[in-house]
Amino acid sequence: MLQTLLVIAIGFLPSLFSLWIIRKTQRSRLRMRQAATNFPVVQERQNVRLVAGDRYYLEGVGYLIGDISCKFNARSGYIRCAINPDGPCNGCRHYEPKELAGSEKKT
């Protein structure tokens, strides 16, 4: 009779061990999930500061940054241009004035 109870107890040990591991894993996952939800969201472009006079409002478009007379201006409120997105526009060596639609080139 004692041998039968010993065999049954040994038979239950792997399943009890498995249930213990599953519970331990669930608790650690719950703690990790709570830590992830409480973690503050970091903004990507926190180091970029707009220079005074660097922001323009264009009717029908919204706020634009950078030199709007430049050919390479992105016409966006987030980046200045394709060549120098973080700026500054003052003294940029890639500056080219924008050509007007009505002007013709003289040859």
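Preceding block: the structure.
All of these numbers come straight from a predicted model, not from anything done at the bench.

Draft legend 1. Quick peek at the environment of Val61. If you trace the backbone, Val61 turns up in the loop between β1 (55-58) and β2 (62-65). Overall, Val61 belongs to the exposed group, its relative accessible area being 54%. As for Val61 and Arg75, which are separated by 14 residues in sequence, their C-alpha atoms are 8.6 Å apart.

Draft legend 2. Structural view of a nonpolar patch on the surface. Among the surface-exposed residues, Met1, Leu5, Leu6, Ile8, Ile10, Phe12, Leu13, Leu16, Leu19 and Ile22 lie close enough to one another that they form a single nonpolar patch of about 1,100 Å² accessible area. Along the polypeptide, Ile22 turns up in helix α1 (residues 2-38). Looking at Ile22, the relative accessible area reads 42%, which means it is partly exposed.

Draft legend 3. Region of interest: the side chain of Ser76. In this structure, Ser76 sits in the segment after β2. Here Ser76 falls in the buried class, since its relative accessible area comes to 17%. Dropping the residues within four chain positions of it, Ser76 is found in contact with Tyr63, Leu64 and Ile65.

Draft legend 4. Here's a closer look at the pairing of β1. Alignment of β1 against β2, held across 4 bridges, turns out to be antiparallel. Looking across to β2, one finds that Tyr57 is bridged to Tyr63. Here β1 hands over to β2 after 3 residues, with Gly60 in that stretch at a positive phi of 85 degrees.

The rules we used
- Residues numbered from 1 in each chain as written.
- Predicted model: local features only at pLDDT ≥ 70, side-chain atom pairs only at ≥ 80, totals over all residues.
- Heavy atoms only, no water.
- Helix = DSSP H or I, 4+ residues; strand = E, 2+ residues; numbered from the N terminus.
- Buried < 20%, exposed > 50% of the residue type's maximum accessible area, 1.4 Å probe, protein only.
- Patch = residues over 30% accessible without salt bridge, like charges linked within 9 Å, V, L, I, M, F, W, Y side chains within 5 Å.
- Areas by Shrake-Rupley, 256 points an atom, 1.4 Å probe, with all protein chains shown as cover.
- Salt bridge = Lys/Arg side-chain N within 4 Å of Asp/Glu carboxyl O.
- Contact = heavy atoms within 4.5 Å.
- Pairing = 2+ DSSP bridges.

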